[in-house]
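# Close look at the chain arrangement
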Amino acid sequence: MSLVPSRPAAYACLALSMALVGSYVALSKPLVAAIPVFLLAWLRFGIGALAMLPWLRKPANEPPLTPRTRGLLFLESFLGNFLFSICMLFGVSMTSAVSAGVIMAAIPAVVALLSWAFLREPISGRIWTAIACAAAGIGLLAVASPHAAGSAREVQLAWLGNLLVFAAVVCEASYAVIGKALTGALGPKRITSLINLWGLALVTPMGLWGALHFDFGAVAPGTWLLLLFYGLAASVWTVWLWMTGLKVVPAAQAGVFTVMLPVSAAVVGVVFLGEKLGGLQLVAFLAALAGVLLATAPVRR
């Protein structure tokens, strides 16, 4: 039987999961520049499949998969793994990190709305306030970073990239809500391995086509190391941490932790990509973290 974490441990799992997502989203720019998107996604799922072979085995105490559970596993992988990866990788390659951060700030609100619509989870006023703090913080973070003007074609590509990032936001929110439904039937390791296997199957035709026309010898050794981190973080660590946290935390409340995604992406930009961090950006981080604290603080009865 899978371990049920304490409430603080579940919060830590959710925050770390989204922080890892933000880090590999930011670091995907050099990967996309070196490897085509579909080939990159295929390699990512392949690395995850190799790492999680032991997790595919059905536990003795797990009930047989029902048609509903099989359908949810497919949707979880199609929306949260396959489409999210494709939309985010293409979107990040077309738009700026600042614009992506503004759009990703909508994830908590979309998660709350979907959890209310499909899981019938009530949304308290405090959770809505926490969502507003998170969105305001990331909005301030974006305002604090000036956006350089580009050519007409660059503007058009950025517009398309923004749409793709928003599509990734909807996919990520759907992933959070469907994952909550799956944790009632399967353990986190089993969910993680099965949805990664579906993702590998979905992207394999396009990945093979990309591999036939790609010069693997032109990829630098450092890029391969970055790809290994991307594959393990995206397919294994983040999914397992998220599913573990969802065993305890409602989906609407868990959605607030997605604020860690754009925050960690900005931190990676400052530390590894040489971006500047000003006073207004620090205020943005404090506002975003205030939303997390507001959502997770104990309620006095």
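For clarity, every value in this text was computed on a predicted model and none was experimentally measured. (Residues numbered from 1 in each chain as written. Predicted model: local features only at pLDDT ≥ 70, side-chain atom pairs only at ≥ 80, totals over all residues. Heavy atoms only, no water.)

Take the overall build of the chain next. Tallying secondary structure elements over the chain gives 13 helices and 0 strands in all. In the chain, the succession of α and β elements from N to C terminus is α-α-α-α-α-α-α-α-α-α-α-α-α. For the chain, with 301 residues in total, the buried portion stands at 52%. For the chain, long-range pairs separated by at least 24 residues make up 92% of all intrachain contacts whose partners lie at least 6 apart in sequence. (Helix = DSSP H or I, 4+ residues; strand = E, 2+ residues; numbered from the N terminus. Buried < 20%, exposed > 50% of the residue type's maximum accessible area, 1.4 Å probe, protein only. Contact = heavy atoms within 4.5 Å.)

Below, the discussion takes up helix α12 (residues 260–272). Here α12 contains 13 residues, and its C-alpha end-to-end distance of 17 Å stays within 8% of the 18 Å for a straight helix at 1.5 Å per residue. When α12 is considered as a whole, its buried residues turn out to be M260, L261, P262, V263, S264, A265, A266, V268 and G269. (Expected span 1.5 Å × (residues − 1).)

Let's shift gears to the pattern of salt bridges. The final tally for this structure, using the stated rule, is 1 salt bridge. A salt bridge links E62 to R190; the shortest N-O distance between them is 2.8 Å. Here E62, found in the loop between α3 (37–51) and α4 (67–94), pairs with R190, found in helix α9 (residues 188–212); they are 128 residues apart in sequence, far enough to count as distant. Considered together, E62 and R190 belong to a single accessibility category, that of buried residues. (Salt bridge = Lys/Arg side-chain N within 4 Å of Asp/Glu carboxyl O.)

Here we take up a nonpolar patch on the surface. Taken together, the side chains of F74, L75 and W198 define a hydrophobic patch exposed on the protein surface, amounting to about 250 Å² of accessible area. Within the element layout of this structure, F74 appears in helix α4. Residue classification places F74 among the partly exposed positions, given a relative accessible area of 30%. (Patch = residues over 30% accessible without salt bridge, like charges linked within 9 Å, V, L, I, M, F, W, Y side chains within 5 Å. Areas by Shrake-Rupley, 256 points an atom, 1.4 Å probe, with all protein chains shown as cover.)

This part is about the side chain of R44. Along the polypeptide, R44 turns up in helix α3. Within the buried core, R44 has no salt-bridge partner, and the shortest N-O distance to an opposite charge, that of E172, equals 8.6 Å. One polar contact links the side chain of R44 to the main-chain carbonyl oxygen of A234, over a distance of 3.0 Å. Excluding anything up to four places from it in sequence, R44 contacts N81, S85, Y230, G231, A234 and S235. (Lys, Arg positive; Asp, Glu negative; His and termini not counted. Polar contact = N/O pair within 3.5 Å; in protein donor to acceptor, adjacent residues only side chain to side chain.)

Y24, L40, M88, L227, Y230 and W242 are the most contacted members of the largest nonpolar core, which totals 81 residues. Here this core gets 11 residues from one element, more than from any other, and that element is helix α10 (residues 221–246). Residues within four places of L227 in sequence aside, it is in contact with L31, I35, L40, L43 and I47. Residues I127, A130, I131 and V256 belong to the second largest nonpolar core, which totals 7 residues. (Core = buried A, V, L, I, M, F, W, Y, C linked by side-chain atoms within 4.5 Å.)

Using the criterion set out here, one finds 8 aromatic pairs in the structure. For the pair F78 and F82, a centre-to-centre distance of 5.9 Å together with 25 degrees between the ring planes defines the contact as stacked. Taken as a pair, F78 and F82 lie in helix α4 at a separation of 4 residues, close to a single helical turn. Three or more aromatic residues link up through ring pairs in this structure, and these residues are F74, F78, F82 and W198. (Phe/Tyr/Trp six-rings, centres within 6.5 Å; stacked < 30°, edge-to-face > 60°.)

Here we come to the environment of M94. Along the polypeptide, M94 turns up in helix α4. Residue M94 is classed as partly exposed on the basis of its relative accessible area, which comes to 23%. Sequence separation of M94 and W159 is 65 residues, and the distance between their C-alpha atoms is 8.3 Å. Among all residues touching M94, those that are not within four sequence positions of it are L157, A158, L160, G161 and L164.

Across the interface, helix α1 (residues 7–26) lies against α10 with an axial gap of 8 Å and an inter-helix angle of 155 degrees. If you check the angle between α1 and α10, you find them roughly antiparallel. α1 and α10 meet at a crossing whose hand is left-handed. Between α1 and α10, the residues in contact are A10, C13, L14, L16, S17, M18, L20, V21, S23 and Y24 and F229, Y230, A233, A234, W237, T238, L241, W242, T244, G245 and L246, respectively. For the contact of α1 with α10, the residue count by class is 16 nonpolar, 5 polar and no charged. (Axes fitted to C-alpha atoms, helices over the stretch in contact; angles between N-to-C directions. Parallel < 35°, antiparallel > 145°, perpendicular 65-115°, else oblique. Left-handed = near helix turned anticlockwise from the far one by under 90°. Nonpolar A, V, L, I, M, F, W, Y, C, P; charged D, E, K, R; others polar.)

Here we come to α10. Helix length check: α10 (26 residues) gives 37 Å between terminal C-alpha atoms against 38 Å at 1.5 Å per residue, within 8%. Along α10, the largest kink reaches about 45 degrees and is centred on A233. (Bend = angle between axes of the 7 residues up to and from the residue.)

Attention shifts here to the confidence of the model for the chain. Low pLDDT means the predicted atomic positions in that stretch should not be read closely. When the pLDDT values of the chain are averaged, the result is 81; 87% of them are 70 or greater. At the level of individual helices and strands, the chain shows its lowest average pLDDT in helix α5 (residues 97–104), which scores 66, and its highest in α3, which scores 93. (pLDDT = per-residue confidence, 0-100.)

A few words now on the packing of α3 against α10. Two elements in contact, α3 and α10, have axes separated by 8 Å at closest approach and are oriented at 65 degrees. As summarised for this structure, α3 and α10 are arranged roughly perpendicular, according to the angle between their axes. Along this stretch, α3 crosses α10, giving a crossing that reads as right-handed. In this structure, α3 contributes L40, L43, R44, F45, I47, G48 and A51 to the contact, and α10 contributes W224, L227, L228, Y230, G231, L232, A234, S235 and V236.

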